[in-house]
Amino acid sequence: MNPSDLGLPAKFKHWRPGQLDGIMDASLADTRFIWLDQPTGSGKSATYMAVSNLVAAAQESRLPFRMAVLTSTKGLMLQLTRDFPGLFEVKGQNNYRCIEVDDHGVTVDIAECHNGYDCPTKEDCLYHSAVRRAGREKSIVTNYPFWMHQHDHDNKLGSFDVLICDEVHNVPEELSSHVAIHISAAEIRLLNNMKENPRPLTERGAEWQKWAEEILPRVKTRVSVTEGKVNKQYRDLATKLDKMRRLDPEWVYSEFNNGSFTWEPIWPRGYAERHLFCGAKKVIFASATARPKTFALIGVAQDDLTRVSSPHSFPVMNRPLVHIPTSSISQKSSPSDHSKWHARIDEIAGAWANSKGIIHTVSYDRAMQIRNKSKFAHRMLIHTTETAKATIDHFRHAERPLILLSPSVTTGYDMPDIFDWQIIAKIPFPDSRSAIMQRRSQEDPSYPMYLAMMDIVQAYGRGPRSLTGKCITYIIDDHIRWMKSRYYSFAPQWVWDAFRTQSTVRPLPSWAPA
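Now for a quick tour of the structure.

Calculation notes
- Residues numbered from 1 in each chain as written.
- Predicted model: local features only at pLDDT ≥ 70, side-chain atom pairs only at ≥ 80, totals over all residues.
- Heavy atoms only, no water.
- Phe/Tyr/Trp six-rings, centres within 6.5 Å; stacked < 30°, edge-to-face > 60°.
- Helix = DSSP H or I, 4+ residues; strand = E, 2+ residues; numbered from the N terminus.
- Buried < 20%, exposed > 50% of the residue type's maximum accessible area, 1.4 Å probe, protein only.
- Lys NZ or Arg CZ within 6 Å of the ring centre and 35° of its normal.
- Contact = heavy atoms within 4.5 Å.
- Salt bridge = Lys/Arg side-chain N within 4 Å of Asp/Glu carboxyl O.
- Pairing = 2+ DSSP bridges.
- Axes fitted to C-alpha atoms, helices over the stretch in contact; angles between N-to-C directions.

## Some remarks on the packing of aromatic side chains
The geometry of an aromatic ring pair is captured by the separation of the ring centres together with the interplanar angle, meaning the angle of the planes. In total, this model carries 26 aromatic pairs according to the counting rule given. Measuring from centroid to centroid gives 5.2 Å for Trp208 and Tyr253, while their planes differ by 35°, and the two rings are tilted. One end of the pair, Trp208, is in helix 8 (residues 205–225); the other, Tyr253, is in strand 7 (residues 252–255), with 45 residues separating them in the sequence. Residue Trp208 is classed as buried on the basis of its relative accessible area, which comes to 0%. What links up through ring pairs into an aromatic cluster is the set Trp267, Phe429, Tyr447, Tyr450, Trp482, Tyr487 and Phe490. Lying across the ring of Phe12, Lys11 places its NZ or CZ 5.5 Å from the centre. We note Lys484 situated over the ring of Trp496; from NZ or CZ to the ring centre the distance is 5.6 Å.

Next up, the structure:
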């Protein structure tokens, strides 16, 4: 049986090792939820599209079969529409320009139609046209925030037989962020300008419910008398205050240095059906990083979840994961620890003098620190949030052996087999200072380690992206020793299959360029 026999586009000419067996097993699962536990490079998008096609062929309903794919990044949405031309892409209002005005910088989310303007071009509006079409299409792709927003409101997308949650390791945070109530510093200033009642100085939910009930009518009045961006700010604020009136008193309050604050559920598991699954008959999860804990966080029972695992098809020798004992890096690290750490980074960069590499730095401050201390600073690129795309494009296309220092390329950027080595310079422990992280860690002490291990796996997965690709990953933060010992199950087995410890950078892999 060839990929075309299961409805895949012509570009998919062959199955990867174990891929067809996984597809058949998943399509025959009698549970509502299916977990495609597949390593990087295993062709997960082709797998879940083929499974969906088989489920469609087996359905007995006379109604048209419909399928939706959800992702976390625009890059993956674009990649999916390129690989699967039958997928229709739909996104939020800020991705479509308003055709009623000449200013191409005006997007639909801030257009005058939100102020009561009877737009004569509404039927041709790029956003509304896309949403109407998405409601008719059999197969769509969109992002998690847009999907959940639609189902919380008038839901013009309709119902679906199969829902595919790609990058499911991100779902707990996507879901939690969606149901959370975040009042920004700008919205606080709006309230101050209105001379409204000051917000409560307590973390008791009942007081906040009462406060929201009192000021909501006056905020709605402002919606009716303002225009443009200011109007949108008041509309967004009114929506949040309306949610706050029904605040769950068990949620956690967090306040930030800029004056903004958030109410957020301790765990999002009670909200998945209403906001995410939305009655879909089959839900397919795909991720190279997800673990059983991921599904517990979103309330998926193990007895209603079929796990379909695939072997890693890339040879271990092409994707070694090497710990070189160096230093344990944290805020408590000594100057001597940091000196050893910087020396190790330069030792690795020097050993790979003729090859591109990536250093995962966790933060921009550490990226700057590494470059400032390195004798290879002339090879090093650093980016901000605003310059990320341009810098990564430069790195991708450059012929020189550049080194990309970044805290944020573990996901979302496609760099297929263009670098030979990478360093996980520091274990990416989450910031423990927020109230929500402290509460979650109190209830589940392993939770921060789960998040850190997911980021390690994501960084490691930036390596080989094909059967012929090769990349060595170094870990030089010695915290990995006890993490591996205590939290082994938080990483897939294919990661540990490639793991080893060696005391020095050399010898390099046999495939390393001369």
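## Let's talk about the environment of Pro464
Considering the arrangement of structural elements, one finds Pro464 in the loop between helix 16 (447–460) and strand 16 (472–477). With sequence-adjacent residues up to four places away left out, Pro464 is seen in contact with Phe314, Asn318, Arg319, Asp417, Gly469, Lys470 and Cys471.

## Details of unusual backbone geometry
Put simply, Arg506 and Pro507 share a cis peptide bond, and its omega is 5°. Summarising the element assignment, Pro507 is placed in the segment after strand 17 (499–501). Although it is not a glycine, Asn155 adopts a positive phi angle of roughly 40°. Positionally, Asn155 belongs in the loop between helix 5 (144–152) and strand 5 (162–166). Taking relative accessible area as the criterion, Asn155 reaches 26% and is therefore assigned partly exposed. The backbone phi angle of Cys278 is positive, close to 50°, even though this residue is not glycine.

## Overview of the pattern of salt bridges
Throughout the structure, instances matching the rule amount to 22 salt bridges. Taking the shortest distance from any N to any O, the salt bridge between Lys281 and Asp161 comes out at 3.1 Å. Within this pair, whereas Lys281 is found in the loop between helix 10 (272–277) and strand 9 (282–287), its partner Asp161 is found in the loop between helix 5 and strand 5, the two being separated by 120 residues in sequence. With a relative accessible area of 52%, Lys281 lands in the exposed category. One continuous salt-bridge network, built from bridges that share partners, spans Glu213, Asp242, Arg245 and Arg246.

## What to know about the sheet that holds strand 7
Strands sit in the order 6-8-7 across an open sheet of three strands; the sheet is antiparallel. Looking at which strands have only one partner, the edges of the open sheet turn out to be strand 6 (181–183) and strand 7. With strand direction ignored, the average angle separating the axes of adjacent strands in the sheet is 10°.

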